[in-house]
Structure formats: C-alpha cells, structure tokens
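Survey of secondary and tertiary structure
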Protein chains: 2
Amino acid sequence: MKTFNEITQLISTEIDQINWSKEPRGLYEPIGYVLSMGGKRIRPALTLMACNMFSDNVHQALNSALGLEIFHNFTLLHDDIMDRADVRRGQPTVHKKWDDNTAILSGDVMQIASYQFIAQTPTEQLKRTLDLFSITAAEICEGQQYDVEFESRDRVEADEYLEMIRLKTAVLLGAALQIGAWIGGAGEEDAQLLYDYGINIGLAFQLKDDLLDVYGNEATFGKKIGGDILCNKKTYMLIHALELANGNDADELQKWIRTSDEKLSNQKIQAVTSLFNKLGVKRLCEEKMQHFYAKAVANLEKVSILENNKQELRKLGEKLMFRND
Amino acid sequence: MKTFNEITQLISTEIDQINWSKEPRGLYEPIGYVLSMGGKRIRPALTLMACNMFSDNVHQALNSALGLEIFHNFTLLHDDIMDRADVRRGQPTVHKKWDDNTAILSGDVMQIASYQFIAQTPTEQLKRTLDLFSITAAEICEGQQYDVEFESRDRVEADEYLEMIRLKTAVLLGAALQIGAWIGGAGEEDAQLLYDYGINIGLAFQLKDDLLDVYGNEATFGKKIGGDILCNKKTYMLIHALELANGNDADELQKWIRTSDEKLSNQKIQAVTSLFNKLGVKRLCEEKMQHFYAKAVANLEKVSILENNKQELRKLGEKLMFRND
C-alpha cells in the first residue's frame, strides 16, 4: 500500500509534467498558473487510494485522477469570477491577473482537458467512469447555482444547505473514490460503499470548513477568519442561529446582518460568534459533522477488504476531520 | 437517402424533446432558451448526412449529432459574454436576459451536457469520437482566443486569419462529418476525406460570411450589414486592403479605421466598402472562397461511394456557398 504522502507526491509530479506551454499562450498559460498554485490534491489522491485498496497498480488510475483534479481547479477558476474573488491560495486569481474573458475561455479549455484525461481511463471502465464524471460535473454546477441563489434568498432551510454542499463539494469526493475503486477492480457493492464514504466525509469536511471559518486559527487557516460571517453566508450555523434566536438575540443578530460597514467588521465577527456560542449552533454544527463522519466510518467498515488496506483512507479521513487549517 | 430537410426536421424534433425543465431552474432554463432560438442546425445535419452516406440507420448517430449542436451553442453563449453581444438571432443573449454569472454557469453545464450526448455514441466508435470531439473543442477555444487577440494587434497576416477561422469554424464541420462517417461504418480514408471536405467548406463558408457582412442583403442576412467594418474586424478583406492600399487610399483607410463616431457609421461603411471594391479585395476574397470550395468538391469527389449518395451533401455545400443570407 502506498501512503497518502507517496500518492500526493506522485500526483504532484504528474501534474507538473503536463505541458501547458502551448500556443496560444494567452489561453494555456493561465491553466498552468492555476495548477501550479498547489492545493491539497485530495480528489486525485482519493482516486489512487481507492484503486490501491483493490490493486497494486495505482498508475492505471492516474489519468482519471488527474482529470478530476483539473476539473476541480476549473470550477475554482470559474467560481472565482462569479464570486469576484481576487485571491486564491494567497495569489491573484486568473480574472484578476489576466481578465474575465481569459478566465472564462481558459476555464472552458480546462474543462475539455479534464475530459481528455478522463477519456484515458482503462477501456473496460471508460463508459461508466465518463457517465459518473459527467453526472458529477453537472451536480457541481447545480451546487454552485444553489449557492449563488441562496445569497439573495431571505430564508434557507438547513436541509437545503446540506443538499447544496452535497452537490458542490461531496459528490466529487464520492466520484473520485468510486472511479478509483472501479479501476482497481472493486465489486459493485464496495465501489458504492466508497462513493457513500466520499459523500459523508465530504459533508463532514464542508461543515468542518464552516467551523474553521469562524473558530479556526487565522495563521494556519490560509483565509481570513470570519469571512462567512461578514458576507452573511447562510451556513449551517447561521441558518440555525436565525431559527433559534428569540427576543434580544434575534434583534441583535438581525442588526449585525444588516451591518456592512467595514469599520465594524471585527465587532460584527465577535458579536455574531458570541451569538453562535450562546445559541449553541457551534455545537449543533459539530454534532452534524460528527454524524456524517460516523456514517463515513461505518461505510468504510463495510468494505469487504482487509483492515490493513483501509488504513490510509481512514487516516486521511481523520486528518480532514481533526485539522485546524 | 434522407434529404437535408428531413434530417433537420428530425434534429429539431429531437432537440425540442430534451428536458431542460429541471431544478435548479436558474441553471437549466437558459439552456432551453438558447437551443429554442433555432439556427441552421448545420453541424448535426452534417453528422447525420455523413452517417447516411454509409448506412440507412441515421438514428445511431443522433446522440453524437446532438452533442455537437449543444457544444456549438455553448460556444455562442460564452462568446457572446466575451464579445458583449446583446442580441443573437434577433433575441437578447443569455448574459443580457439573465446575467454574466448565469451565462458562465449555464454554459459550463451545457458543455457537460454535450459530453453526455457524445458519450452515447455507439460503443465501437466511442473512444475515437470522444478524442476527436475533445481535440476539436479545444481547437475552437484556440480559435476564439486568436480572434480576441487579433482585435488588439496592429497587424495580422492573411494566413493567420485563415488559421483562426479554420480553428474557430471549420474544424467542427470537419469533426461533425468524420464522426457521422465513422458511425455509418465508413473506412478510414473516406472518413478523412469527409473531414477535409468539412475543413474546406468551413473555410469557404466563413469567407462567404465575411462577404455577406459587407455585401449582403440586410433584410435577409439577419445582422446589420457593415458590422465587421464598423469594429475594424481584421477579416481577409481588411487584411488585404491594408496591404494593398497606397498613397491616398492608405491614408483614407487609416482615417476611417480611427473613426469610431457613431454618427459617421453609414459614411464609414460606404467609404470602406468603396475602398474594398477599388483595391480588388472583394474579388480576392471571392477567389479564396472559390479555391476552398473547389477543394471541398474534389474531396467529396474522391469518397468511394455511389454518386447518388453524395447528392445531398453536395447540394448543401452549394446552398451554403450561393446563399445570400
């Protein structure tokens, strides 16, 4: 079994070897830029790890894994245009460094490139990999659409939020695992269990992200703490806070939601965080995260392979759950 | 053999039957809107016609044909954002009717949908269809990139212009024909000849479009005549006019290129058109168009099937060349 570090090392080497120094430079250079920014490479790692659970030959899943990573980075590129985000991983985003048109068109060709890598999936697994990849890709767009729509809606239900993050984040983790499992030769039941593991770990992962956005350590988190609070993002915590707050608490929460004065940013973050603590929504979010994490652990439990072959994936799950950044 | 009209009728019926009334509405509704706007449906028609040249069963190529048409409409959607075009086929464009973010994201999911249809290509032809489709899709993006870059360049060579329109327009016609031929059971040589036919007819088609933009009949052309002249688009004619103009003609051409005053629009169109006539670049463009058309006819000549089975494609080629709108 390869360790997670060995696997991400392999992926990084392969990603660095893709040639983006093609003409027209203005089209391909931004793709190289985006992919060189790094990131955790979790999705392709999941594909290779799932493959490795059933086969010693992880190289056969490499192209499919790279396709998923390129697709993921494509979604970040286009999402950053839509969200008018200027910085990603500490560097200027493509539409900022170049312009909107470049970001649109380079993104489009990146999506095509992701399909070119997926098309190199071993023949016997090609059709179903392609179908799952397309369904997943469309679901991610649906998730992004809901995310945008929720911004301008007055009320969002907790279940709607969970469905949005399932689409926007979890399905790609599930697909990454299922595709890797298929290529490794897993049976239908094991492949489905790994898909489900991906969904549950993905939901837990996003709830953890929401918690870190409020309670994380700014030095290591990589983003400004309190960003979600400042833009009134209807996260699992804010949705429940709006439901649970009564009397003065409700008035205070509404007052801060209406406050967009940048000079009051720190006060807003502190006040809303205090309300989250008081209303117990931090605990609610942690419990929901634990709930999905436990389901993921149970899914992995049921996969019909030796305990030893599950170790790396279990360790990665723990790492994602107990991270502080 | 099915006639061109029977084939476009079949395609229209199939396109109308695709269900875009899915949730989230905000994501899928614009796709139904774009596809309901119509258009000539030339690309999917080419796929079915090429298939029909080798097989009576055109239905086996239907999904691949629809994939190509959806991809073509996706490129129009994203190009219209980049070109800030407000109207397409007499109706408001998606980014105008909705907004930029909607046009970006609906376009993304449209590209995925095009791959979902391509993935339904008959199994034996799937891999090479998928590969040709992706290469072609990337080339179209490259063509769009060159088109955008040429706008801000002082000088563009005629050969660069031809390469740009090959990428932006011709390769999709070539791919549409080759994919249809493969599915119909054509041999490698015939399929390649039809690809080449598509390239040559595509180049001739675009030069015809450039001619109609200057010399067409406004009532039937569907766009304002002189649009390319007003925005100084470096077409085959303007590129040659810039090369050939001397003395007063050169000064006058430069003066009009620097003129962007809307009140002088009609005068600019008239003056530049007169210069095109005087410098003989209208004739140069017609000759180049004829050159590619003749090559296309020769390609079709060499395809090793009965003369009778080439009739519909030959008639379509003539129709595209001798149209006035």
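Since the model is a prediction, treat every value here as computed from it, not as a measurement.

Structural notes on the overall build of chain A
For chain A, the helix and strand inventory stands at 16 helices and two strands. For 325 residues, the compact-globule estimate of 2.2 N^0.38 gives 20 Å, and chain A sits close to it at 20 Å. Seen along its three principal axes, the alpha-carbon backbone of chain A occupies a region of about 60 × 50 × 30 Å. Taking all 325 residues of chain A together, 46% fall into the buried category. Here the contacts in chain A between residues at least 6 apart in sequence split such that 74% fall between residues at least 24 apart.

Focus on the relation of the copies chain B and chain A
Expressed as a screw transformation, the operator carrying chain B onto chain A has a rotation angle of 180° and an axial translation of 0.0 Å, and the superposed copies differ by an RMSD of 0.0 Å. Read as a symmetry element, the transformation amounts to a two-fold axis. When you check the interface residues of chain B against chain A, 100% turn up at the interface there too, and the contact is symmetric in its surfaces.

A short note on the interface of chain B and chain A
In this assembly, 30 residues from chain B lie in contact with 30 residues from chain A. Elements with a contribution of two residues or more to the side of chain B that touches chain A: α2 (25–36), α4 (62–82), α6 (100–118) and α7 (123–151) of chain B. Among the elements that take part in the side of chain B that touches chain A, α7(B) stands out by supplying 14 residues, more than any other. Its residues assigned to classes, the side of chain B that touches chain A shows 17 nonpolar, eight polar and five charged.

Topic: the packing of helix α3 (residues 42–52) of chain A against helix α4 (residues 62–82) of chain A
Residues and elements named next belong to chain A. Orientation of α3 relative to α4, taken along the N-to-C sense of each, is 160°, at an axis distance of 8 Å. In terms of axis orientation, α3 runs roughly antiparallel to α4. Where α3 crosses over α4, the handedness of that crossing is right-handed. Contacts between α3 and α4 involve R43, P44, T47 and L48 from the first element and S64, A65, L66, L68, E69 and H72 from the second. For the contact of α3 with α4, the class distribution of residues is five nonpolar, three polar and two charged.

With respect to the packing of helix α6 (residues 100–118) of chain A against α6(B)
In the contact formed by α6(A) and α6(B), the axes pass within 11 Å of each other and the chain directions differ by 25°. What the angle tells us is that α6(A) and α6(B) run roughly parallel. As α6(A) runs across α6(B), the sense of the crossing is right-handed. Contacts between α6(A) and α6(B) involve I104(A), D108(A), Q111(A) and Y115(A) from the first element and I104(B), D108(B), Q111(B) and Y115(B) from the second. Residue composition of the contact of α6(A) with α6(B), grouped by class: four nonpolar, two polar and two charged.

Comments concerning the confidence of the model for chain A
Summary statistics for chain A give a mean pLDDT of 96 and a share of 99% for residues scoring 70 or more. This complex was scored by the predictor with a pTM of 0.96 and an ipTM of 0.96.

Here's the deal with helix α8 (residues 158–184) of chain B
All names here are of chain B. Helix length check: α8, at 27 residues, gives a terminal C-alpha distance of 37 Å against a target of 39 Å (1.5 Å per residue), a fit within 8%. Of all the bends in α8, the greatest measures close to 50° and is centred on A170. The element α8 is extensively covered by neighbouring structure, given that 20 of its 27 residues are classed as buried. In the stretch just after α8, G185 is the one whose phi turns positive, near 100°.

Some words on the environment of S36(A)
Turning to its location among the elements, S36(A) is positioned in helix α2 (residues 25–36). The sequence separation of S36(A) and S12(A) amounts to 24 residues, and the corresponding C-alpha distance is 9.2 Å.

Overview of α6(B)
The end-to-end C-alpha distance of α6(B), which contains 19 residues, comes to 27 Å, matching closely the 27 Å that a straight helix rising 1.5 Å per residue would cover. A large share of α6(B) lies buried, amounting to 17 of its 19 residues.

Description of unusual backbone geometry
Along the chain, E23(A) connects to P24(A) via a cis peptide bond; the corresponding omega equals -10°. Of note, R89(A) is a non-glycine position whose phi angle comes to about 50°, a positive value. Located in the positive-phi region is R84(B), a residue other than glycine, with phi close to 50°. Positionally, R84(B) belongs in the loop between α4 and β1 (87–88).

Quick word on the environment of M1(B)
Residue placement: M1(B) occurs in the segment before α1 (4–17). Ignoring sequence-local partners within four residues, the contact set of M1(B) consists of N52(B), N309(B) and E312(B).

A short note on the environment of Y146(B)
In this structure, Y146(B) sits in helix α7. Once the C-alpha coordinates of Y146(B) and M164(B) are considered, the two residues, 18 residues apart in sequence, prove to be 6.2 Å apart. The contacts of Y146(B), once residues within four sequence positions are left out, are P24(A), M164(B) and L167(B).

Rules used in this analysis
Residues numbered from 1 in each chain as written. Chains lettered and ligands numbered in written order. Predicted model: local features only at pLDDT ≥ 70, side-chain atom pairs only at ≥ 80, totals over all residues. Helix = DSSP H or I, 4+ residues; strand = E, 2+ residues; numbered from the N terminus. Rg over C-alpha atoms; globule rule 2.2 N^0.38 Å. Buried ≥ 20, exposed ≤ 12 C-beta atoms within 10 Å, placed from the backbone. Contact = placed C-beta atoms within 7 Å. Least-squares fit on C-alpha atoms with pLDDT ≥ 70 in both. Nonpolar A, V, L, I, M, F, W, Y, C, P; charged D, E, K, R; others polar. Axes fitted to C-alpha atoms, helices over the stretch in contact; angles between N-to-C directions. Parallel < 35°, antiparallel > 145°, perpendicular 65-115°, else oblique. Left-handed = near helix turned anticlockwise from the far one by under 90°. pLDDT = per-residue confidence, 0-100. Expected span 1.5 Å × (residues − 1). Bend = angle between axes of the 7 residues up to and from the residue.

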